[in-house]
Amino acid sequence: MNDKKRRVGILMSGGVDSSVAALLLKDAGYETVGVTLQLWDYETAASRPRGERGCCDISHQLDARYVCSQIGIDHITLDLRDRFTERVVKPYEKAYLKGITPNPCVACNSHLKWGAVLEKTAALEFDYIATGHYARIEHGDGLPLLRKGLDLTKDQSYALWQVPRIALAKTLLPLGEWTKKDIRAKAAEMNLRTAQKAESQEVCFIPEHYSDYIRENYPDETSKIGHGDIINQQGKVVGSHNGFFGFTIGQRRGLNISDGQGPYYVTGIDATSNRVIVGDRPALKRTGLVAADVNWTSFDPPTAPERCTIKIRYNDRGVPAWVIPGENGRVEIRFETPQISVTPGQSAVWYKDDAVWGGGLIRMALKDDWQPPVEVVHPKGVKA
Amino acid sequence: MSDKPLIYLDHSATTPVDADVADVVKQTMLDAWGNPSSRYGKGNEAQLVLQTARELVASQLNCPPEDLFFTSGGTEADNLALFGAMQTARKKATGNHLIVSSIEHSAILRAAEALKDEGYRVDVLPVSSDGLVSPDTLAGMIDNETVLVSVMAVNNEVGTIQPIAELAKICHEHGVLFHTDAVQAYGKVKVDVEAMGLDLVSVSSHKIYGPKGVGALYVRDGLDIEPRTRGGGQEKGIRTGTENMPGIAGFGKAAELCARHFDEDAERIGALRDEMFELIKQGVEGKVRLNGHPEKRLYANLNLCFEGVEAESLLQALDLDGIAVSTGSACSSGSTKPSHVLLALGLSELEAHSSLRLTLGRTNDRDSISRAAERIAYHVNRLRAMAF
């Protein structure tokens, strides 16, 4: 028997979750190494007021290093500034300019957190990598199974759909069976520096409102877009916008339409014709979606339409739907009952029980009627 | 951080404080805590400590103690020298031109950039592939507007020792001032302001087993440099503000110990460095290239290029073994930019990213050297095998 300790690199953001995750791994007997990704230029970030630095502030890296010394483990920093800009920030900005609402955290997870760190695992002789996400991975004989965290109010499996199977096979998620409350209590009990730290913002690199940020960084593109019409479901002009990239599907505020027919919601963004489409709340309803850039996270694709539970946004509890394999790696999802705010660019994640079956980026929302197949064999373990 | 015994091979980044130095620092804080500017007994006691430290630090430069001014470190000394000399020249309308070498520390390069933004003319003196500046090239760059030339005595990354006496001579022939950043040289390589004819010299305490946050600038007697700060007039107004007494006293002690260990350090650490290089060459399968000059280099410095190996990964793998090394200067570590020094020597970006700096010091012995060499060879061989 090889009595050498297994070495695991735990991604540490400087927050309370990954701090406790590191502690748990160490206590479980792993040779644990804290890994913090440097994604942004600290000098640039330091010129902003402290409250606007987001994850870019060096204090988070320093917190991670501090916690590592508190619990007595090594720490390294990986410099991924260029890759973060290229793989996360630029695509994020460009998506808005194409009328799409992007999902940078998913890209960051797969390209940065797992992608880059996996490349490093061999160089640093890591046996596993780990993160402080609230989700579980079951390592059995077959494919690794990515499952929801036991604390359903904190479950983060949705954000991990894009992590490739080969990466999941080398991943440990020590917080999967913990509640947030217990993690905070554990951090406090161990007197970890990060015990009281606030939750991080959703999009870490955008300090102000994102549309101002886009305008600042893409002056030519945004001034070319200029103003455009806001139209209703019948195609009638009901207002004007000063850049469609400032709107998201389902948005109600800031439309400035005063025809007395409201309230209006954004139901679509048409970048090609530079128009924002609005309607009443029922007009937001969609019967399905097409997902592209699909990853089959825990199970292979079905050969015929099968039932699943679908999540189309982060804090979505999930609704029953059908997953239908399509061409060119695309997948069609049909909801059992129509859903509102199906937003292109966001992630659609389909589950089998509490396991992430697969996911993709929403390419378009579908409006047409659809009938489920008459003869259906319910796959084992799927709730009807 | 973890419980592995540390093998420290980064003495050019900083050094552990000598126990005797720490004693002096503590004594100064607890006993000689007076303000050296105060005109009563407690102040006089502090003044004596300050004077003693100044003499000890000055003796390693062979300069009159009264021409040495304490600062917060090498960076401040460098900035004071460059801004001070250039601003005085502008005031007196005696010139506007500054020359710095391409392999200076960022304290010099960034200060020079800032001066350029203020309208001064700045030229960069190139180096040869082994890191040496050419006195002839310098002579050709000096013109009648040139005020100051700054070339470091020993380079922090590749350890190259520059012919500063020769460079100073050329400057003086043209009526130009010469500054040297001697932070890496001080206490290890002879720097003699009289014999070498230096006008301005920056030194630092924490590279010689002294405390951090203290350094000094030598300013030749009679040379007028514009201060960067205004206040109560301490350090003859050149660097005003109540002196960092514990740091200065510790710096003095560290300088005294340097004088005592000067020859012994050079011999013992130099032999360890040579042995380590041999061991690495024996252990590594394939090429190991030495960056910088093979002979004209600091006895403690090894800068090695392992083609096909990402030095950042090597550094991290060694860190997990408890071995501390560096891939460039500590100030730019974590940056994806390749070392400007290695690029100036003509290395490609890839070669620069494959280079490791090992700087030995008093904490090393034969055991730690051979263990480190063995781990370096192990990881280099492993990482090279992965790359192909």
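Thresholds applied
Residues numbered from 1 in each chain as written. Chains lettered and ligands numbered in written order. Predicted model: local features only at pLDDT ≥ 70, side-chain atom pairs only at ≥ 80, totals over all residues. Helix = DSSP H or I, 4+ residues; strand = E, 2+ residues; numbered from the N terminus. Rg over C-alpha atoms; globule rule 2.2 N^0.38 Å. Buried ≥ 20, exposed ≤ 12 C-beta atoms within 10 Å, placed from the backbone. Pairing = 2+ DSSP bridges. Right-handed = clockwise from strand over helix to strand, strands pointing away. Axes fitted to C-alpha atoms, helices over the stretch in contact; angles between N-to-C directions. Contact = placed C-beta atoms within 7 Å. Domains from an automatic or database assignment. Nonpolar A, V, L, I, M, F, W, Y, C, P; charged D, E, K, R; others polar. Left-handed = near helix turned anticlockwise from the far one by under 90°. Expected span 1.5 Å × (residues − 1). Arc of directions from axis to C-beta. Core = buried A, V, L, I, M, F, W, Y, C linked by C-beta atoms within 7 Å. Bend = angle between axes of the 7 residues up to and from the residue.

Draft legend 1. How the structure looks around the overall build of chain B. From N to C terminus, chain B includes twelve helices and twelve strands. Relative to the globule expectation of 21 Å for 388 residues, the C-alpha radius of gyration of chain B, 21 Å, shows essentially globular dimensions. Counting only C-alpha atoms and orienting by the principal axes, one finds that chain B spans roughly 65 × 50 × 35 Å. For chain B, the proportion of its 388 residues judged to be buried stands at 51%.

Draft legend 2. Local environment of the pairing of strand β3 (residues 97-101) of chain B. Residue and element names in this part refer to chain B. When you tally the buried positions in β3, you get five out of five residues, the bulk of the element. The alternating pattern of β3 places His-97, Ile-99 and Ser-101 on one face and Leu-98 and Val-100 on the opposite face, and all of these are buried. Where β3 meets strand β4 (residues 121-125), five bridges bridge the pair, whose relative direction is parallel. Within the sheet, the bridge partner assigned to Ile-99 lies in β4 and is Asp-123. At this point the chain moves from β3, through helix α4 (residues 106-117), to the parallel β4, and the crossover so formed is right-handed. Bridge count for β3 against strand β5 (residues 146-150) is four bridges, and the pairing is parallel.

Draft legend 3. Expanded view of the environment of Trp-161 of chain A. Residues and elements named next belong to chain A. For Trp-161, the position within the fold is in the loop between β6 (145-148) and α6 (165-168). A tally of 27 C-beta atoms within 10 Å means that Trp-161 is categorised as buried. Expressed as a C-alpha distance, the spacing of Trp-161 and Val-266, which sit 105 residues apart in the sequence, is 27 Å.

Draft legend 4. Structural detail: the sheet that holds β5 of chain B. Residue and element names in this part refer to chain B. Taken in spatial order, the seven strands make up an open sheet running β2-β8-β7-β6-β5-β3-β4, and their pairing is mixed. Each edge of the sheet is formed by a strand with only one pairing partner; in this case those strands are β2 (68-71) and β4. Put simply, the sheet's adjacent strands are angled 20° from each other on average, direction ignored. In this sheet, strand β8 (residues 215-219) lies alongside strand β7 (residues 200-204) in antiparallel orientation, the contact comprising five bridges. Bridge assignment links Leu-200 to a residue of β8, and that residue is Val-219. Where α4 meets the sheet, its contacts fall on β3, β4, β5 and β6 (177-181), and the angle it forms with β3 comes to roughly 155°.

Draft legend 5. Representation of the domain arrangement of chain A in the model. By the assigned domains, chain A splits into domain 1 (7-189), domain 2 (226-283) and domain 3 (285-366). Computed from C-alpha atoms alone, the centre-to-centre distance between domain 1 of chain A and domain 2 of chain A is 37 Å.

Draft legend 6. Focus on the sheet that holds strand β3 (residues 74-79) of chain A. Residue and element names in this part refer to chain A. On the basis of which strands lie adjacent, the open sheet formed by five strands has the order β3-β2-β1-β4-β7 and parallel pairing. A single partner strand is all that each edge strand has here, and the edge strands are β3 and β7 (171-172). Taken together, the two bridges between strand β4 (residues 128-130) and β7 define a ladder with parallel strand orientation. Bridged to Ile-129 within β7 is Thr-171.

Draft legend 7. How the structure looks around unusual backbone geometry. All names here are of chain A. Its identity is not glycine, yet Asn-191 carries a phi of approximately 60°, on the positive side. Tracing the backbone through its elements, the reader meets Asn-191 in the loop between α7 (180-189) and α8 (210-217). For Asn-191, a count of 8 C-beta atoms within 10 Å puts it in the exposed group.

Draft legend 8. A look at the interface of chain B and chain A. In this assembly, twelve residues from chain B lie in contact with 18 residues from chain A. Element by element, the count of residues in the side of chain B that touches chain A is highest for helix α9 (residues 311-320) of chain B, at five residues. Here the side of chain B that touches chain A is composed, by residue class, of five nonpolar, six polar and one charged.

Draft legend 9. Structural detail: the environment of Cys-171 of chain B. Residues and elements named next belong to chain B. Tracing the chain through its elements places Cys-171 in helix α6 (residues 164-173). Taking the C-alpha atoms as reference, Cys-171 lies 18 Å from Ile-108; in sequence the two are 63 residues apart. What Cys-171 contacts, discounting residues up to four positions off in sequence, is Val-149, Val-176, Leu-177 and Phe-178.

Draft legend 10. Quick peek at the packing of helix α2 (residues 41-59) of chain B against helix α8 (residues 245-283) of chain B. Residues and elements named next belong to chain B. Running from N to C, α2 and α8 cross one another at 35°; their axes reach a closest spacing of 8 Å. The crossing of α2 and α8 is left-handed. Listed contacts from α8 to Ala-46, Val-49, Leu-50, Thr-52, Ala-53, Leu-56, Val-57 and Ser-59 of α2 are Met-245, Ile-248, Ala-249, Phe-251, Gly-252, Ala-255, Glu-256 and Ala-259. Broken down by class, the residue content of the contact of α2 with α8 amounts to twelve nonpolar, three polar and one charged.

Draft legend 11. Summary view of helix α12 (residues 366-387) of chain B. Between the first and last C-alpha of α12 of chain B there are 31 Å, a value that for 22 residues agrees with the 32 Å anticipated at 1.5 Å per step. Among the residues making up α12 of chain B, those that are buried are Ile-369, Ala-372, Ala-373, Ile-376, His-379, Val-380 and Leu-383 of chain B. All buried residues of α12 of chain B lie within an arc of 140° about the axis, which places them on one face of the element. Exposed residues on α12 of chain B whose side chains face more than 90 degrees from its buried face are Arg-366, Asp-367 and Ala-385 of chain B. On the buried face of α12 of chain B, the contacting elements are α5 (104-123) of chain A together with β1 (7-8), α8, α9 and β11 (323-324) of chain B.

Draft legend 12. Representation of the nonpolar core within the structure. Counting 218 residues, the largest nonpolar core has Leu-82, Ala-85, Leu-98 and Tyr-218 of chain B as the members making the most contacts within it. Not counting residues up to four positions away in its chain, the partners in contact with Leu-98 of chain B are Leu-82, Met-86, Ala-112, Leu-115, Tyr-120, Val-122, Val-147 and Leu-148 of chain B.

Draft legend 13. Just α5 of chain A, in detail. Residues and elements named next belong to chain A. Here α5 spans 27 Å end to end across 20 residues, near enough to the 28 Å set by a 1.5 Å rise per residue. Maximum bend of α5: about 25°, positioned at Gly-115. Within α5, the full set of buried residues consists of Pro-104, Val-106, Ala-107, Cys-108, Asn-109, Lys-113, Trp-114 and Val-117. One or two steps after α5, the chain reaches Glu-125, where phi turns positive at roughly 55°.

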